[in-house]
Structure formats: structure tokens, C-alpha cells
Amino acid sequence: MSRYQITNADLKYAAEFKEQALGYHSPGLQRVLNALRGGPKAGKYVLVVRKPFERWVLGRLPSVRGAPVEILEGQEFNNLEEAEWSVFKLRWKAHTGRELDL
Amino acid sequence: MTRILGYADRISAAPGEIIQIMVSCDNIDSYDVELVRVIQGDVNPAGPGYREEVVPHDFGGPISGRHQPIHLGSYGLVADSPVFRALTSLGVLAAVWPTMPGLGSQTILSRQDPKSGVGFRLLLDEQGALAFEVRSREGEAAIISTGKPLIAEKWYVVAGSYDAVKGELTVGQLPLHAYPRVDDAGFARLSTAPGLAQSEIAAPVMLGAQPASDCPAIQHFNGRIDSPRIWSRPLDLAAIQELLDIDGQHSAYGDLVAAWDFSIGISTDRITDVSPNGLHGRLVNLPTRGVAGRKWTGEEHNWTKLPDHYGAIHFHDDDLYDCGWETDFSLTVPETLRSGVYAVRLHAADEEYYVPFAVRPPRGKFTAPVAFLLPTASYMAYANNRIGIDFSETEIVIGRLVQLNKIDLFMQEHPEIGLCYYDLHNDGSGVYYSSRLRPVVNMQPKNIGHLGGVGSNLWQFNADTHILGWLEHLAQPFDVITDEDLETEGLSAISGYRTIITGTHPEYYSASMLDVLQAHMNQGGRLMYLGGNGFYWRVSYHPELPGVIECRKSEDGIRAFPPRPGEYYASFTGEYTGLWRRNGRPPNELTGVGMVSQGFDISSPYVRTEASRNPRAAFIFEGVEDDVIGDFGLSGGGAAGLELDAANPALGTPPHALVLASSQRHTDVYLMTPEDMNDPAPGLGGTEAEIIRSDMVFFETPKGGAVFSTGSIAWAGSLSHNHYDNNVARITTNVLKRFIDEEAF
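Reading the values: rules and limits
Once a new chain begins, its residue numbering starts again from 1 and follows that chain's sequence as written. Written order determines the labels here, with chains lettered from A and ligands numbered from 1. Only residues with pLDDT of at least 70 get local features here, since the model is predicted, and only at 80 or more are side-chain atom pairs given and counted; chain-wide, interface and lining totals rely on the full set of residues. Numbering goes from the N terminus for both helices and strands, where a helix is a DSSP run of H or I of at least four residues and a strand is a run of E of at least two. As a rule, residues whose C-beta atom has 12 or fewer other C-beta atoms within 10 Å are exposed, those with 20 or more are buried, and those in between are partly exposed; C-beta atoms are placed from the backbone. Whether two residues are in contact is decided by their C-beta atoms, placed from the backbone, lying within 7 Å. For the domains described, the bounds stem from an automatic or database domain assignment. Any two strands between which DSSP finds at least two bridges are classified as paired. Simply put, an axis is a line fit to the C-alpha atoms, just over the touching stretch for a helix, and the angle between two N-to-C directions goes from 0 to 180 degrees. Connectivity within a nonpolar core runs through C-beta atoms within 7 Å, and the core itself is a set of buried Ala, Val, Leu, Ile, Met, Phe, Trp, Tyr and Cys residues. Confidence of the predictor in every single residue is expressed as pLDDT, which spans 0 to 100. To estimate the expected span of a helix, count its residues, drop one, and scale the result by 1.5 Å. Angle categories: roughly parallel below 35 degrees, roughly antiparallel above 145, roughly perpendicular from 65 to 115, and oblique for all the rest. Residue classes follow a fixed rule: Ala, Val, Leu, Ile, Met, Phe, Trp, Tyr, Cys and Pro count as nonpolar, while Asp, Glu, Lys and Arg count as charged, and any other residue, Gly among them, counts as polar.

(A) Main features of the overall build of chain A. The helix and strand inventory of chain A stands at three helices and three strands. Helices and strands appear in chain A in the N-to-C order α-α-β-β-β-α. Counting only C-alpha atoms and orienting by the principal axes, one finds that chain A spans roughly 40 × 30 × 25 Å. The proportion of buried residues among the 102 residues of chain A is 27%. Looking at chain A alone, contacts between residues at least 24 apart form 33% of all its contacts between residues at least 6 apart.

(B) The overall build of chain B, seen in detail. From N to C terminus, chain B includes twelve helices and 42 strands. With the C-alpha coordinates aligned to their principal axes, the bounding extent of chain B is approximately 95 × 65 × 45 Å. A burial count over chain B gives 60% of its 745 residues as buried. Residue pairs in contact within chain B that sit at least 24 positions apart in sequence constitute 74% of those at least 6 positions apart.

(C) Quick look at the domain arrangement of chain B. Residues and elements named next belong to chain B. Assigned domains of chain B: these are domain 1 (3–69 + 324–359), domain 2 (75–315) and domain 3 (370–739). Averaged C-alpha coordinates put domain 1 and domain 3 at centres separated by 26 Å. Facing 26 residues of domain 1, the contacting portion of domain 3 comprises 28 residues. Looking at the side of domain 1 that touches domain 3, the elements that each hand over two or more residues are β1 (3–8), β4 (30–40), β5 (51–55), β24 (340–348) and β25 (351–359).

(D) Fine view of the interface of chain A and chain B. The interface of chain A with chain B comprises 29 residues on the first partner and 25 residues on the second. Ranked by residues supplied to the side of chain A that touches chain B, first place goes to strand β1 (residues 45–51) of chain A with five residues. With two bridges joining them, β1 of chain A and strand β27 (residues 403–404) of chain B adopt parallel strand pairing. Each residue of the ladder has a partner; that of Val48 of chain A, found in β27 of chain B, is Leu404 of chain B.

(E) Structural context of the sheet that holds strand β3 (residues 70–77) of chain A. Taken together, four strands build an open sheet; the order of strands is β3(A)-β2(A)-β1(A)-β27(B) and the sheet is mixed. Each end of this open sheet is capped by a strand with a single partner; those strands are β3 of chain A together with β27 of chain B. Lying over the sheet, helix α3 (residues 80–96) of chain A contacts β1, β2 (55–60) and β3 of chain A, oriented at roughly 150° with respect to β1 of chain A.

(F) Seen up close, the environment of Lys295 of chain B. Residues and elements named next belong to chain B. Structurally, Lys295 is set in the loop between β21 (288–291) and β22 (312–315). A count of 20 C-beta atoms within 10 Å places Lys295 in the buried class. Separated by 220 residues in the primary sequence, Lys295 and Asp515 have C-alpha atoms spaced 36 Å apart. If we ignore the near neighbours within four places in the chain, the residues touching Lys295 are Asp308, His309 and Gly311.

(G) Representation of the nonpolar core within the structure. Counting 247 residues, the largest nonpolar core has Leu47 of chain A together with Phe372, Met528, Val697 and Phe698 of chain B as its most contacted members. Counting residues per element, this core draws most heavily on strand β8 (residues 90–98) of chain B, at seven residues. With sequence-adjacent residues up to four places away left out, Val697 of chain B is seen in contact with Gly592, Val593, Ala647, Ala657, Leu658, Val659, Leu660, Ser709 and Gly711 of chain B.

(H) Layout of the pairing of strand β3 (residues 18–26) of chain B. All names here are of chain B. With six bridges joining them, β1 and β3 adopt antiparallel strand pairing. By the bridge assignment for β3, Gly6 is matched with Val23. Bridge count between β3 and strand β23 (residues 327–332): five bridges; the pairing is antiparallel. Looking at β23, one finds that Met22 is bridged to Thr327.

(I) Quick peek at the confidence of the model for chain B. On average, residues of chain B carry a pLDDT of 96, and 98% of them reach 70 or more. This complex was scored by the predictor with a pTM of 0.97 and an ipTM of 0.98.

(J) Unusual backbone geometry, seen in detail. Residues and elements named next belong to chain B. Backbone torsion omega between Gly61 and Pro62 reads 0°, so that peptide bond is classified as cis. Among the structural elements, Pro62 can be located in the loop between β5 and β6 (63–64). Non-glycine residue Asn27 carries a positive phi angle of around 60°. As for its placement among the helices and strands, Asn27 is situated in the loop between β3 and β4.

(K) Region of the structure containing the sheet that holds strand β30 (residues 499–501) of chain B. All names here are of chain B. Strand order in the open sheet formed by nine strands is β29-β26-β30-β32-β42-β41-β39-β36-β37, and the pairing between neighbours is mixed. Strands at the two margins of the open sheet, each flanked by one partner only, are β29 (479–482) and β37 (628–629). With four bridges connecting them, strand β32 (residues 526–529) and strand β42 (residues 705–709) associate as parallel partners. Bridge pairing in β42 links Arg526 to Ala706. Strands β30, β32, β37 and β42 of the sheet are contacted by helix α12 (residues 727–739), whose axis makes an angle of about 165° with β32.

(L) View of the environment of Leu451 of chain B. Residues and elements named next belong to chain B. Tracing the chain through its elements places Leu451 in the loop between β28 (433–435) and α7 (461–474). Here Leu451 falls in the buried class, since 25 other C-beta atoms lie within 10 Å of it. Each C-alpha atom, one on Leu451 and one on Pro149, is 42 Å from the other, the two residues being 302 residues apart in sequence. When near neighbours in sequence (up to four residues on either side) are disregarded, Leu451 contacts Ile387, Ile398, Trp459, Phe600 and Leu642.

(M) Up close: α3 of chain A. All names here are of chain A. Over its 17 residues, α3 extends 24 Å from the first C-alpha to the last, a length consistent with the 24 Å expected when each residue adds 1.5 Å. Looking at α3, one finds that the buried residues are Ala83, Glu84, Val87, Phe88, Arg91 and Trp92. In the core, the buried residues of α3 are packed alongside α1 (11–19), α2 (27–37), β1, β2 and β3.

(N) Molecular detail of the pairing of β4 of chain B. All names here are of chain B. Two strands pair when backbone bridges link them, and β4 and β6 are joined in this way by two bridges, in the antiparallel orientation. Note on β6: the bridge partner recorded for Ser30 is Ser64. Where β4 and β24 come together, six bridges link them in antiparallel fashion. Its bridge partner being in β24, Glu34 is matched across the sheet by Arg345. Judged from the five bridges that link them, β4 and β5 form a sheet pairing that is antiparallel. By the bridge assignment for β5, Val36 is matched with Val54.

(O) Seen up close, the packing of α1 of chain A against α2 of chain A. Residue and element names in this part refer to chain A. For the pair α1 and α2, interaxial distance at closest approach is 9 Å and the crossing angle is 90°. As summarised for this structure, α1 and α2 are arranged roughly perpendicular, according to the angle between their axes. Across the interface between the two elements, Tyr13, Glu16 and Phe17 from α1 touch Gly28, Leu29 and Val32 from α2. Broken down by class, the residue content of the contact of α1 with α2 amounts to four nonpolar, one polar and one charged.

(P) Geometry of the environment of Ala657 of chain B. All names here are of chain B. Following the sequence through the fold, Ala657 ends up in the loop between β38 (640–647) and β39 (658–663). C-alpha separation for the pair Ala657 and Phe600, spaced 57 residues apart in sequence, amounts to 28 Å. Apart from residues lying up to four places away in sequence, Ala657 is in contact with Gly592, Ala647, Val697 and Phe699.

This is the structure:
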């Protein structure tokens, strides 16, 4: 399988992302992000705007047009970087099978 | 759920002219209307603040709300005729190229009473096999299927017959290209009652759909239909392929009732019957024409030269041209209204909806030295785009989680508002046509997009209000002219302006629009190109139908999908499509810069070059001491970002152009464009590739004109920083003041 597989060697990039989720990234972190942010549309995490520029709730895209976006009630954020880190951890676990404990 | 939606019949009007507004409400009894001038549509608290100006106007409200439906899906419609009513025995024949066989019943050709279903239809059944159905007034129905599903995107000859004397129904499908071990030819017969008459019902023939009692058409066919024909006799199933190729006027065709030749009138919405009966029809919701038909071999790619190879029409169940809603109210543009970007604001309780349009100056008059050229073709190109909800890749290219606002959630649950060039049809084929005669929900002030970068995240219409807000801050008189004005009126729409200011992303240009702008420049006009990736794709306005444009992204360029082989010529006009760069008119010739990269996370500042000290550019930097320009902003935090243009003499940047400043570092979300990537090699990202930059360019043009280009969509997002007191605003204002000075360059 040629697609990049995330390992413990990438923990330093996770730490880099935790430090700065939005902005310039090292090539190593960019590769991790490409892997984590790839994949199919169905079930993809998105932020649903509750109040513009103030509050967001986590959601997941449906597979087909016409179906509603799934809202993950209770998983709200007041800060975009916090939301990014939260989804990063969810995807890290999905990819590696291990919790990201940083 | 409560909701208001609306659209206007026109996007530009002069004082005294009438704009019709069509509205649909869900669970809203009445709504109020205001006329507003759109000044600054960004609601980001970090921005300059939302501003609109209510213009007192009596619309006679409140206005009663009502629901008006949208009927998606294209089809051909041929009015009822005594010839159809005389049918007893009959045969139906066509070539088809289905795209979604097996996804529900899909009708190829029908003539049925919408309520009772009396009549006949040739269809793909729920299994995707060809079927033929006849139903009589007495309620007797017979249907026969081959039982063999057609294979998607393969051509078949299909036929269904009813022998009213013998009481026999037959159906047959024959692949035009047979494969060993694939059994997809099928024929079947069914004995049924004789005399299942078609007479007496009054019903049109529908191609690609069938009528229904509660809406115009249902069971839309997805895919291509070529050479549909009807006979007044049953067909010999052994000869259906030969029947497809015999000329409709041939003497052997005594029983031929209709033979539609879709290779005639490709640029129109009309379909032509070449049989002696002349049962011509029209197309509803603009199915795609100028597409490869059953005869296409690759020998010719231009449908205007060999239309016979383009005898197919591609129908989609999600095509939409004109919602066709009834008018709810109209606005006669007041004679005293200044030119600008306006909207009618429809509101009830917590719901509101803006229907924007431009008010241009009185015809034949120029009421300011400046015209803001509202890029309405580009707004249509992105109309109701599903970039945030249909494509997994969006998150990677924006470098952050996709944010869905109320409008995105609505679009996801209501795909009936139609598609644009960034979308795929339900059957996976690309969208070539985009219309504004429908609610364009993402063309509103306050709207937040997906590609606008960290910060305000605005795109197209609302991003352009960053420029409107800056002009307002300057108290600079300006007129507003739209792309459609350039297209329909020509040079007289802008010839009186000293300078034209573009929007942030005037990406889509027709040949006429480009000709007009170039002609204005040739006679000494000035151009402030305050955007990025402008003048990139060639589009074609429909020669007869209002409010719709076509774009096929041939060859290369950044695109959601490529057109299929053989389909690089616009059906509306026969023009060769694709990048203007590939059509011999690269944007560099007009603006000095051309598209080189895109990325939608963070933006970067420019750094001044030595050329910025050239005395020719002194007026631009008057009062600007900084070397770094635009390290701030609402669109990604910098003035150079989102989509980037750079100078390139090889592509037509004039030799005397001054590259005043360049952005120096972008993230690796930014990549080179495909048209520059002839031989991909590592190092194509924003942190490594030299080509990935915005160049700020100035050059003089003949007869005392000049061009100033920023080559960045994000530029306008930096204007309002620090209450419009910053080096981006200063540079832009310096240029504006000089460009409206009549002194020749």
C-alpha cells in the first residue's frame, strides 16, 4: 500500500499541529495531514456553524445529495484551532487504532 | 422549517427599467421587502462591519408568501398532434447511452396521459433493462422487458413495438459494440390484447421523461439519446440497427411518424423532426448538446464541422435552466437611484433572503469616472456550488476543516436549486451550463464561503463587497456595470470611464467581454485588476436564452472535471472552449499577470522589488515606506493569497511591465497549475516552487492608459485593515486617484 501510514514516528508532527493548527507546516506534518484529511466524503468530519465566527458544532457529511448532514450534538467549539485539534485526534485514532495522548 | 428564496429576471437594470422578482416561501404567510444598497457584506467581527443602506421604496407589502416548486430534470417536449392520436400499432426506436441503468425506472420516450397513464412508453426498467409499455383507456396495460440490464456508458439500439392487430408487444436492445462473454443483447415478445388504442388522448411526446399529474415530468432518463423515431407500425426487431440509419425522408419509410435529428440546431433549445410530418419540439431545462453521439469516431472534434457525429443529447435528472416561477413583485428602478450594487431584502421573522442586482447608470450616461465591473459571469459559474459538501478534497485544499453554514445545509438537503461548473451531475457527468434564473443562494451579502481563507472566508459576490466597502470609505463616486452589460451592449457600456475596477476573481470571460475590455484599454482606458485568477476560462452566453452561460474546461487548467473527448466546443456557440491561455489570449496580455497557483488556507504578504523604486511607479508608493506589503487581512491574513497570478513574458506580460512586488512564501497547500506542470517533478508546492507567487504589476498602455494588477484574490480582504489606514489601501487608493486623473500616462 503506497498511501502513507501514520506511525509513532509522526508523534512529533502531531505535537507541531497541536502547537499551530492553521498556518505553515513542516513537510512531515503536511504529509500526516494529507493522510488524515483524505478518504471518502461519506462520514467526513465538518464544522457546522452555529453562530458565524463564534460557535461551531462537529458534523459528518452524508454520502448522497439530499440527505442531511449529521450533527454530533454536544461536540461544540468556540475556537477553530481547538476544533482542528479535536478532529485531528479523532482521525489519528481511526488511522492508527491508538489514542493520541499529547 | 421556514424559508424564503428568490431570484430576479435580470441582474442589471438602469433607472426606469423593471426588475421582476420571483419568490418562494415555506411556512411563511407574508414577508416584507426592502430595497437596500449593498455596501460591505462581511459579517466577520474582525472586519470593518456589515453595512447596507436601506433605500425608501414602497413595494406595497407585506407580500403574501407562497411556495413555488422547482422541477429538476431535462427532457424534450413535442406538442400533441393528430398524427400521434392516429396511432394504433406503433414502433419506437432510438440509440441510447445510459449513465445510470438500474437506478430507478427511466423513460426514453413516452406519450402518455399524465393522469391515467394511457399511452405508451419506452423505458429502462428498475433493473436497467429495456422495457416497453402500452396502456389503454380501458385500463388494460401490458409491459414487456428484455430482462437484461444495459451496461452504463455503452451505445445500444433500442426498440419497442405494439402490434394492435395481433395483440403483441415486442422489445429489443442491441449493443452497438458487442463483447465476448457479455450477453447484453435482448429481445422479448408478449401476447396481449389487440386494439390497445393510443387515440383520443391528448398528450405530447416526451423524450427522456414521462408526464405526471402533479409535476411536468418524472422518471427522467440519465444519459444520451440519439435518433429517436416513431413508426405507425411494429418494427422488425431483426432490422432495428438498419432502421436507425435510413434517412428519415427515405421512400421506404412510408410509416414513419417522426424522426428527431438532434444534430440539427445544436446551439438552440429546439429539436427537429426530419420526417415529412415536421413534429418539431423543444427542450426543457437545457439537457447537454454538442456531445458525442453514436456515430462519433474521434475523426472530428468540432460539432459545427461534422454535426452528424453529434446527434445525441445528454439528459440529466438534475438539469435546471429556469425555475419559471411566477412574479411576486417588481421593482421599477427609481430614476434618481445612484448606480451601485443593490438587493431586495425579503424578510419575515428570523428569515431573510437577498436578491442582488446591479443598478447601472442611465443608459448612455456615465455618472462617475470609475466603473466597478461586477463579475456576474463568475458569480454564475460558482452559483450554488457544492464545493463544501460534495468533495472530500476540499478540506485538504483549504488546509482546515470545512465549515458549513445555514446555506450549505440547505443546499445539501435541497439539491433542486441546481448545479454549476464546480459540480457533477447525479450520473457523474460534468456540468456545462449554469443559469441565474433560479435562487442563487451563495450570491448574497453576509454569505460565508469555503475558499476564502482563514478569516472572513468570503468568495465571489460577498468578497467583492470588500472593494465596494473601500470605495464607500473613500466616498469615491463609482458606477456599477456587469459582465452581462459588456456582453450585450459592447464598448458603449464602459467607454466613458477613465478606469475600470475588477472584482476579486473575474475568472470567467466570454470572447465579447474580453473584446470590450481590450477595446477600452486600446483607446486609453485604465484597468485596476484587484483580483486573482482572472480572465482564465472562456465562457459562452446563449445566443437566444437569457441568463445562462456555458463553460467547457478543455485541455487543462484547474477544474472539477474534464469534458469528455470530442466535446471541447461549446454547444451554445461552437466556440473552442477552455483556458483563454489555450485560446491565444492569455490574461497576461491584458493584465500583465496570469494564474499560477491556488491554495485556500493562509495568505502571504508581498515584498517590494527594486522596480517599485522606478519613477514610473512613484505615484503608486507615495506615502508607503514599507518593503513588506499586506502582512494582514481578512482573507487568509495576507494580501497575496487564495489564487495567485504572476508575470510571465512568455505568456504575454508586456516587456515594459514593472513587477513592483511579489509574494515570497506560501504554504504547501498551494500547488502549481496543471497547465504549467508539463513534466511533474518534486518541489511543486508553495514553500518550494518559485512560480508560486503573486506579482503586483504596473504598465502603461497605448493612448495614455495603464494597468495595475495585484494578481491575488486576497488583496481586497486587506483593504479595511486598521480602519482602511494601511499600505494595501494606500497603494490601491494611490492607483485609483491617478487612474481617474485625465492626464495621459
